[in-house]
Amino acid sequence: MEKLQYERPVIKRITGQMPNKFGLRTEYEPMTHIDGLAVKELIKTFGSPLYVISERIIREIYSQAKKAFTTRYPKVQFAWSYKTNYLDAVCRVFHQEGSWAEVVSGFEYEKAKRNGIEGKHIIFNGPYKSAEELSTAIKDNAYIHIDSFDELYLISDLAERLNKVPKISVRINLDAGIFPQWSRFGFNYENGEAWEAVSRILLNKKIELCGLHSHIGTYIMAAYPYGVTASKLAELAVRIEKKFKHNIKYIDIGGGFASKNTLKGAYLPGTDTCPSFDDYADAITSALIKSEINAEHLPVLILETGRALIDDAGFILGTVIANKRLADGKRATIIDVGVNHLFTSFWYDHKITPAQPFSPYTEDCTIYGPLCMNIDVIREHITFPLLNKGDHIVISRTGAYNMTQWLQFITYRPKVIMIDVDGNPHIIRENEKLESIVSLERIPEHLQL
Ligand SMILES: *Cc1c(COP(=O)(O)O)cnc(C)c1O
């Protein structure tokens, strides 16, 4: 029998089987495996920390989302939001499932083309697109979503010079009944600016108006604002048909559906409070179907869902570096995953689970990352089992934004692996080395060694 590890005794009031105000305590299990692969083995093979993406979970969640919409509306198209996670392997899973690409920069645009997406399946969003990037998009027949009148004038000028009709949609911001209202992107609906933009485009025969777009925010915790958005866009589509006899091709509702993560300070876990894809789909499609839009020219419904499609498929595996006691007596556990690798820990209380069996004893604890920075706190307060140096942990729901907003700060970024649907691990991004970073640096002559 293996020698048992010593654990420092702690004195605790017994609360077993005693309900707190939410009911009985929920026991939780160690997370020893991901998609059939042992966490311990993954770390031994690929190092710690380690990003893990489950291809199975991506495909399962995508099919749930798709089903929620296609069963309620006849024409649906998803466009993968590159900035949410633009690792090529991840994008390609979404493209294989039928997603177009939704990009917000020239860099993301190039990445989408590299992933085999033709211009006609790229939606080009964002407040800044250079004249060069716009020219490429016009030549490629990509859908360009304009953000300002200045951009519209630039595009009209380019259209003339390239002698090609650009495919334009208008990004619209509106009051969907939520706070804060994102009014910095696109044209405002309520003050008539959106209508002016649409009219200007339709009076210009050298530009084609293809769609109406609104992305009201991110992690929207209710479905009704999407209903408001869909009906306002539908109303605009009806007005366009009336005045210009023009039928738009699509209505794009943007992204912003909440993932199942729990926001810091939230009273209940995100798994209990966030709407489902069915809730969002119901709000959006019923608004479109009940609208006055001409049924013979029903626009395609485009969704640019990011976060809600990828968060659950991402995990970060880490290792306990040390335990110590803070000045006030509180336990502190230091792990090798820092805020540089888990950017979303600034606004989420991520689910953190030990990766090996643990004793029933828990203690209030702060979990710190490895950085020599006071802000490197992964979890301020957590009632956690006592872990030992060398034990592993799994941080769940980390697929969205962490692999794009991560920082090369103080330490190297680790490997990212994808576990395919047959349970085989593949490296999809190598860990950084000194060379990856210094290869971009240049040393002036007088500082040469
Ligand atoms: C970021 C972004 C998305 C994706 O947002 P999520 O909140 O991750 O779903 C979609 N559309 C646009 C225009 C965006 O900027």
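Residues numbered from 1 in each chain as written. Predicted model: local features only at pLDDT ≥ 70, side-chain atom pairs only at ≥ 80, totals over all residues. Heavy atoms only, no water.

S.K.: Where do I start with the pairing of strand β18 (residues 392–396) in this structure?
M.R.: If a strand is regular, its side chains alternate between the two faces of the sheet. Burial of β18 is extensive: five of the five residues sit out of reach of the surface. Burial of β18 is two-sided: the residues H392, V394 and S396 facing one way and the residues I393 and I395 facing the other way are all buried. When strand β13 (residues 314–325) meets β18, the two strands line up antiparallel, connected through five bridges. Bridge pairing in β18 links T319 to H392. Sheet topology note: the strand β15 (residues 352–354)/β18 ladder contains three bridges and is antiparallel. From the neighbouring strand, T353 faces β18, where its bridge partner is V394. (Buried < 20%, exposed > 50% of the residue type's maximum accessible area, 1.4 Å probe, protein only. Helix = DSSP H or I, 4+ residues; strand = E, 2+ residues; numbered from the N terminus. Pairing = 2+ DSSP bridges.)

S.K.: How do you make sense of the environment of S199 when you look at a structure like this?
M.R.: Among the structural elements, S199 can be located in helix α7 (residues 193–203). With a relative accessible area of 8%, S199 lands in the buried category. Along the backbone, S199 and P414 are 215 residues apart, and their C-alpha atoms lie at a distance of 50 Å. Once residues within four sequence positions are removed from consideration, S199 is found in contact with K243 and F244. A polar contact of 2.9 Å, which involves the side chain of S199, links it to the backbone oxygen of W195. (Contact = heavy atoms within 4.5 Å. Polar contact = N/O pair within 3.5 Å; in protein donor to acceptor, adjacent residues only side chain to side chain.)

S.K.: Is there a simple way to think about the site of the ligand in this case?
M.R.: Lining the immediate environment of the ligand, one finds 16 residues, of which K83, T218, G256, E304 and Y401 sit closest. With respect to the ligand, the side chain of K83 contributes an N or O atom lying 2.6 Å from an oxygen atom. Between the ligand and G256, the relevant distance is 2.8 Å, taken from an oxygen atom to a main-chain nitrogen or oxygen of the residue. A per-class count over the shell around the ligand returns one nonpolar, ten polar and five charged. (Near = heavy atom within 4 Å. Nonpolar A, V, L, I, M, F, W, Y, C, P; charged D, E, K, R; others polar.)

S.K.: How should I be thinking about the nonpolar core in this particular structure?
M.R.: Nonpolar side chains tend to gather and get buried jointly when the protein is soluble and globular. Core analysis: the largest hydrophobic core is formed by 123 residues, its most contacted members being I284 and L317. Per element, the largest residue contribution to this core is eight residues, and it comes from helix α8 (residues 224–244). Shared between two domains, this core takes at least three residues from each, and those domains are domain 1 (33–53 + 313–433) and domain 2 (55–311). The residues contacting I284, other than those within four sequence positions of it, are F69, Y226, A230, I253, F257, L301 and L303. In this structure, A79, Y143, C210 and Y250 belong to the second largest nonpolar core, which totals seven residues. (Core = buried A, V, L, I, M, F, W, Y, C linked by side-chain atoms within 4.5 Å. Domains from an automatic or database assignment.)

S.K.: Got a minute to help me understand the packing of helix α2 (residues 55–70) against helix α3 (residues 88–96) in this structure?
M.R.: Two quantities define a packed helix pair, namely the angle between the axes and the distance from one axis to the other. Between α2 and α3, the least distance of the axes is 10 Å, while the angle of their chain directions is 35 degrees. Seen along the crossing, α2 lies across α3 with a hand that is right-handed. Seen from α2, the contacting residues are E55, I58, R59 and Y62; seen from α3, they are V90, V93, F94 and Q96. A per-class count over the contact of α2 with α3 returns five nonpolar, one polar and two charged. (Axes fitted to C-alpha atoms, helices over the stretch in contact; angles between N-to-C directions. Left-handed = near helix turned anticlockwise from the far one by under 90°.)

S.K.: Just to check I follow, could you spell out the packing of aromatic side chains for this structure?
M.R.: The relative placement of two aromatic rings is captured by the distance of their centres and the angle of their planes. Scanning the model with the defined rule gives 21 aromatic pairs in all. Ring centres of Y62 and F94 lie 6.1 Å apart, and the angle between their planes is 70 degrees; this geometry places the pair in the edge-to-face category. Of this pair, Y62 sits in helix α2 while F94 sits in helix α3, placing them 32 residues apart in sequence. Ring geometry for F149 versus Y153: centroids 6.3 Å apart, planes at 20 degrees, classification stacked. Linking F149 with Y153, this pair stays in helix α6 (residues 149–162), spanning four residues, or about one helical turn. Relative accessible area serves as the criterion here: at 42%, Y153 is assigned to the partly exposed category. Sitting over the ring of F124, K129 keeps its end group 5.8 Å from the ring centre. (Phe/Tyr/Trp six-rings, centres within 6.5 Å; stacked < 30°, edge-to-face > 60°. Lys NZ or Arg CZ within 6 Å of the ring centre and 35° of its normal.)

S.K.: What exactly am I supposed to notice about the pattern of salt bridges here?
M.R.: Two side chains bearing opposite charge may form a pair once their charged atoms approach each other closely. Evaluated as defined, the whole model comprises 23 salt bridges. For E196, the salt bridge is made with R200, and the minimal N-O distance between the two is 3.1 Å. Pair noted here: E196 and R200 are both in helix α7, with a separation of four residues, about one helical turn. A salt bridge links R429 to E432; the nearest nitrogen and oxygen atoms lie 3.9 Å apart. Given a relative accessible area of 8%, E432 falls into the buried group. Shared partners join several salt bridges into a network, and the residues in it are D35, R56 and E60. (Salt bridge = Lys/Arg side-chain N within 4 Å of Asp/Glu carboxyl O.)

S.K.: Explain unusual backbone geometry here, please?
M.R.: Residues apart from glycine generally show negative phi values, whereas peptide bonds are mostly found in trans. Of the consecutive residues S48 and P49, the connecting peptide bond is found in the cis state with omega at 0 degrees. Along the polypeptide, P49 turns up in the loop between α1 (39–46) and β3 (50–54). At the junction of F179 and P180, the peptide bond is cis and its omega measures out at -5 degrees in the coordinates. Tracing the chain through its elements places P180 in the loop between β8 (167–173) and β9 (187–188). Look at D35: it is not a glycine, yet its phi comes out positive at around 45 degrees.

S.K.: How should I be thinking about α6 in this particular structure?
M.R.: Turn by turn, an α-helix covers 3.6 residues, leaving residues three or four places apart pointing in a common direction. Taking 1.5 Å per residue, 14 residues should reach 20 Å; α6 reaches 20 Å between its end C-alpha atoms and fits that length. Among the residues of α6, F149, E151, L152, I155, S156, L158 and A159 are the ones counted as buried. Contacts made by the buried residues of α6 are with α5 (131–139), β7 (143–146), β8, β9 and α7. (Expected span 1.5 Å × (residues − 1).)

S.K.: Hey, could you run me through the domain arrangement of the chain in this one?
M.R.: A common way to express how large an interface is: the accessible area buried when the components associate. Examined at the domain level, the chain breaks down into domain 1 (33–53 + 313–433) and domain 2 (55–311). One C-alpha centre belongs to domain 1, the other to domain 2, and the line joining them spans 33 Å. Counting from both sides, the interface comprises 26 residues of domain 1 and, opposite them, 26 residues of domain 2. Taking both sides of the interface into account, the surface hidden between domain 1 and domain 2 amounts to around 2,400 Å²; carbon and sulfur atoms contribute 57%. Per-residue buried area on domain 1 facing domain 2 is highest for Y348, R397 and Y401; these three make up 29% of the total on that side. Across the contact surface, domain 1 and domain 2 share one salt bridge. The salt bridge involving D35 is made with R56; its shortest N-O contact spans 2.7 Å. The interface formed by domain 1 and domain 2 includes 17 residue pairs in polar contact (both at pLDDT 80 or more). Put simply, the parts of the chain that give the side of domain 1 that touches domain 2 at least two residues each are β13, α12 (402–405), β19 (416–419) and β20 (425–429). The element contributing the most residues to the side of domain 1 that touches domain 2 is β19, with three residues. Partitioning the side of domain 1 that touches domain 2 into residue classes produces 14 nonpolar, seven polar and five charged. (Buried area = accessible area lost by both parts, 1.4 Å probe.)

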